[in-house]
Amino acid sequence: MATPVPVKRGKKPRGTPVAATAGGQVQSLTRGLTLLELIADSHGSVALTELAQQAGLPNSTTHRLLSTMQQQGFVRQVGDLGLWTIGAHAFVVGSSFLQSRNLLALVHPVLRRLMEQSGETVNLAVLDLSDHQAVIIDQVQCTQLMRMSAPIGGKLPMHASGAGKAFLAHLGDEQVTALLHQKGLHYYTPKTLMSPQSLKENLAQVRKAGFSLDDEEHALGLRCVAAPIYDEHGEAFAALSISGPIARMTDDRITELGALVIREARQVTLAYSGR
């Protein structure tokens, strides 16, 4: 008869993960990071009981995790009620991301992918607040004989370009009105929007669709769709655009290309600002 081997209890085998989830994540770390995100989303300070409820955790577990993060400077308690808010060390760690990001290095592969997917020239533009114009800072041209060509550093009118209208659509009405008073509405083609009312109605459509359309408003025979890229403050500071001749950018393709540029702009926003 085989002799049973006694099982030793009370010690975990060396190398066994402690409190790990099925996905390989350390549960306590995942919970702590979730609490950190919830505090950040509160845009101020929040009570422990509310945090526990939002995270689906017991109050005792929530307090233990917060206390650990407090010791490391990631969170802190404020006020007589002991509400929890983001600590200074969270800013120190987060600011290293801002120092390391490079918009051009991040976006250029996206431009090339967009060009291959769309078959058209793709641009990256940024908003020049000093001159209230969109400026092209990177471009990947398509291989078609007939294609859009604009120089790096070239400026695009805010009211008559895909990128420009992508920026305008995310400004307040007062800002748009002030800009129109300052810059006016320059005529480029018979399709250029020349009245403030028609421009504002167009911008409302842009907000609804999620992408802007330059429908031969800057140059006859040329169409452009664009979507904004947001910074960490939720401001539209850059835009991706796809430009090409109307013969290829037909009405049927505009919706398809608009969805394409929205998707890529959202991915860039996430990678650049974490939003």
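Where an unreviewed UniProt entry is consulted, the protein appears under the name Glyoxylate bypass operon transcriptional repressor IclR, with the organism given as Candidatus Pantoea gossypiicola.

Trainee: How do you make sense of the side chain of serine 243 when you look at a structure like this?
Mentor: One can find serine 243 in strand β8 (residues 236–245). Every residue in contact with serine 243, bar those within four places of it in the chain, is listed here: Glu120, Thr121, Asn123, Met148, Leu222, Arg223, Cys224 and Met249.

Trainee: Quick question: what am I supposed to make of the environment of alanine 247 here?
Mentor: Residue position: alanine 247 is located in the loop between β8 and α9 (251–273). As a C-alpha pair, alanine 247 and arginine 223 span 24 residues in sequence and 9.4 Å in three-dimensional space.

Trainee: Help me out: how do you make sense of the sheet that holds strand β3 (residues 121–128) in this one?
Mentor: The strand order across the open sheet formed by 6 strands is β5-β4-β3-β8-β7-β6, and the pairing between neighbours is antiparallel. Among the strands making up the open sheet, the edge pair consists of β5 (155–156) and β6 (212–215). Relative to β8, strand β7 (residues 222–230) is paired through 9 bridges, and the arrangement is antiparallel. Residue pairing for β8: tyrosine 230 is matched across the bridge by alanine 236. In the packing of helix α5 (residues 103–118) onto the sheet, the strands contacted are β3, β4 (133–140) and β8, and the crossing angle to β4 comes to about 70°.

Trainee: I'm lost on the pairing of β7 in this one. Help?
Mentor: Regular strands have side chains that alternate between both faces of the sheet. Of all 9 residues making up β7, 8 are buried, and the element is well covered by its neighbours. Here 4 bridges tie β6 to β7, and the two strands are oriented antiparallel to one another. Across the sheet, the residue bridging to aspartate 214 is cysteine 224, located in β7. Hairpin connection of β7 to β8: 5 residues between the antiparallel strands, including glycine 234 at a positive phi of 80°.

Trainee: Is there a simple way to explain unusual backbone geometry in this structure?
Mentor: In terms of backbone geometry, most residues other than glycine have negative phi values and most peptide bonds are trans. Positive phi outside glycine occurs at glutamate 216, with the angle close to 60°. For glutamate 216, the location among the structural elements is in the loop between β6 and β7.

Trainee: Sorry if this is basic, but what is going on with the pattern of salt bridges here?
Mentor: Two side chains carrying opposite charge are able to pair once their charged atoms lie near each other. Evaluation of the coordinates by the stated rule reveals 9 salt bridges. In this structure, the salt-bridge partner of glutamate 264 is arginine 113, at a minimum N-O distance of 2.8 Å. Taken as a pair, glutamate 264 in helix α9 and arginine 113 in helix α5 lie far apart in primary sequence, 151 residues in all. A relative accessible area of 4% places glutamate 264 in the buried class. Residue aspartate 251 pairs with arginine 223 through a salt bridge whose shortest N-O separation is 2.8 Å. Remark: arginine 223 occurs in strand β7 and aspartate 251 occurs in helix α9; sequence separation between them is 28 residues.

About the thresholds
Residues numbered from 1 in each chain as written. Predicted model: local features only at pLDDT ≥ 70, side-chain atom pairs only at ≥ 80, totals over all residues. Heavy atoms only, no water. Helix = DSSP H or I, 4+ residues; strand = E, 2+ residues; numbered from the N terminus. Contact = heavy atoms within 4.5 Å. Pairing = 2+ DSSP bridges. Axes fitted to C-alpha atoms, helices over the stretch in contact; angles between N-to-C directions. Buried < 20%, exposed > 50% of the residue type's maximum accessible area, 1.4 Å probe, protein only. Salt bridge = Lys/Arg side-chain N within 4 Å of Asp/Glu carboxyl O.

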